[in-house]
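Close look at the chain arrangement
Single-letter residue listing:
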Amino acid sequence: MSEILIRAALEGVLREMGVQEAEIRLERPRDPAHGDWATNVALSLASRLGRSPRDLAEEMVRNLDLAAAGADRVEVAGPGFLNFHLSAGAVAGILPHILLRDQDFGRGDQGGGQSVMVEFVSANPTGPLHLGHGRQAALGDAISSLLEWTGWAVHREFYYNDTGSQMDLLARSVWARYQELLGLEAEIPEGGYQGEYVRDLASRLLEEVADRYRGDSSPETLDKMRELAVRILREEQDRDLEEFRVAFDEYYLESSLYADGRVESTVQALQETGFVYDRDEALWLRTTDFGDQKDRVMVRRDGTPTYFLADVAYHLTKWERGFRHAINLHGSDHHGTVTRVRAGLQALGLPEGYPEYVLHQMVTVEREGREVRFSKRSGSYTTLRELCAEVGVDVARYFFLMRKPEAHLVFDLDVAMDQSEKNPVYKIQYAHARMCSIFRKAGVEEDDIRCEGLDLGGLSHPLERELAKQLAGFPEILERAAASRAPHVLCEFLEQTANAVNSWYHAGNPSRDPELAVLAADPGIRGARLALARAVRIVLRNGLGVLGVSAPVRMERSEEEEHA
RNA sequence: GCGCCUGUAGCUCAGCUGGAUAGAGCAUCGGCCUUCUAAGCCGAGGGUCCCAGGUUCGAGUCCUGGCAGGCGCGCCA
């Protein structure tokens, strides 16, 4: 709002001074003494115009239309910055806009309605989801939402790697536990699955087929074991994801690529490109032509296709299904696949850099300063389900999102389980609930709070100005977070917003300064503050919604703490 | 050895396309509760931004070279 007015005023001044093209960058100074908005445009133009920055800045100030820019005053500072101090009315000018847009405040159209596929989780159906999957589920879903909020048509997809040696290991692990239940000696194969859930799968199998496969390790039996294990584990993963509030538009099965001949047609297409050669009886793709460190095998000596080939076939379907933009989320241990998959696709004529990757580091859990180890293959790992049971879905999702994806995540259980405002999730939710509480106390319906007829210029206290400015920055934050695929930017914003809200709210506590209470005696200021409170509620609710975190209208105090 | 990621306060981390005195939370210390819910509030201390060069009016941010940690380098997925 105010930013647009200032920009227009600056452009006007520069035009008068004969400067046609200038990139005007406005920023919000950290130091309040530097005003509400600042620009370095005089510094960046100085050398081009052969003048001193301060000189230039001073001339600009003399010619500037203050009122049109919504500013009370403009100062030249430091080496030649222009600092704009806005009028209270200009700062609060964002409020009518926020209230009008309501659920849609923050939405943008940067994507222009283009479609984009976001692939995430993509766990093998070989066990329950662990915390790495949880982080990826939270990230993928939040990035998808950010894209939706910035004008993209998002398709959320889960790729099931339901083929290959891991599946065989799973089947043989289940087989071993099944034989054990029948009192026979059997061992989990090397590198097999040791987890408790494998025993559960065996028990389920026993219920269904009794001892029909006693001592029988024929391929048909192992197929049966695999089938059952995959079915049950997929159901379990689906249920976990549903409870984690993540929904997919499509589940794509790796096995279907074999069934419908796509793997075969892809290898044929690649063979026509000239990037393919035979060596040691295997079929290779010259991925080094596209920056890979070494060439890759597509078809093994025994004639079976590699995972790599299926991966290329799979990503080709994304392009063929019309997705000109595709984002893949993977653990950073998969970064080796990035170049080779892109290489395969480039060989087929797809553009460089397709698909885009967001790689995230692993999660470790700490409790009382001690690391809690978990490892999928060893079988003693913390599952997403267990974590959610402990801290709740809201906290789990937020904690997974609050750090940038490429940084290792330490999940601090002590903070996560704290229900005070030390926990950032609760801090934000409290701020939201407080606004709702004020509406109840005031006896007004939220939707009836409007800006018409109010003097928003009454919101002149520094805490109110800060808060209104903070709220105004929400759309830009969403845009930035979406463009950089970085939900943590939004977390940071919401936490800052909650800080500003809570400072403002507490300043009006009767024990401190009742004059600053939202529900002040004066009807004019009371109305303006209610409008600000509603705007706060809108921004926090929309922001939490993007992250998939709930925005409660009241916070329930648990029994034990009630009596504490 | 090669490649990717990370290195900022005691701890966990922000820092947008290079901008003014590097920020937050936790922890520590000091002050404060019969509350628009004190599950909190106000304030203070705390930094060679891993190191060394370079580009720039200006570098935590960009470039080069190191150091440290994580991950990857299968005819596994």
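This text goes with the structure placed above it.
If you're wondering where the values come from, they're calculated on a predicted model, not measured in any experiment.

Strand order in the open sheet formed by 3 strands is β8-β9-β10, with antiparallel pairing between adjacent strands. Of all the strands in the sheet, just β8 (276-279) and β10 (296-299) have a single pairing partner and so form its edges. Geometrically, the sheet is characterised by an average inter-axis angle of 45 degrees between neighbouring strands, direction not taken into account. Where β8 lies against strand β9 (residues 282-285), 4 bridges are found, and the strand directions are antiparallel. Considered in β9, the bridge of aspartate 278 is made with leucine 283. Relative to the sheet, helix α13 (residues 307-320) contacts β9 and β10, its axis offset from that of β10 by approximately 80 degrees.

Before going further, it helps to spend a moment on the pairing of β9. Taking every second residue as pointing to the same face, both faces of β9 are buried, with Ala282 and Trp284 on one and Leu283 and Leu285 on the other. Between β8 and β9, which pair antiparallel one after the other, the connecting turn spans 2 residues, and aspartate 280 there sits at a positive phi close to 50 degrees. Bridge count for β9 against β10 is 3 bridges, and the pairing is antiparallel. If you follow leucine 283 over to β10, its bridge partner there is valine 299.

Turning our attention to the side chain of serine 145. Relative to the helices and strands, serine 145 is located in helix α7 (residues 131-149). For serine 145, the residues in contact, after removing those within four places along its chain, are Arg156 and Val546.

The rules we used
Counting restarts for each chain, with residues numbered from 1 along the sequence as it is written. Throughout, the order in which chains and ligands are written sets their labels, letters from A for the former and numbers from 1 for the latter. Only residues with pLDDT of 70 or above have their local features reported here, since the model is predicted, and side-chain atom pairs are shown and tallied only from 80 upward, although totals for entire chains, interfaces and linings are computed over all residues. Hydrogens and waters are ignored; side-chain quantities use all the structure's heavy atoms. Whether two strands pair comes down to DSSP finding at least two bridges between them. A run of H or I in DSSP becomes a helix once it reaches four residues, and a run of E becomes a strand once it reaches two; helices and strands are each numbered from the N terminus. Axis angles are defined between N-to-C directions and span 0 to 180 degrees, where every axis is a line fitted to C-alpha atoms and, for a helix, only to the segment in contact. Whether two residues are in contact is decided by their heavy atoms, any of which lying within 4.5 Å being enough. Relative accessibility under 20% of the residue-type maximum defines a buried residue, over 50% an exposed one, and the middle range a partly exposed one, all with a 1.4 Å probe and only protein chains included.

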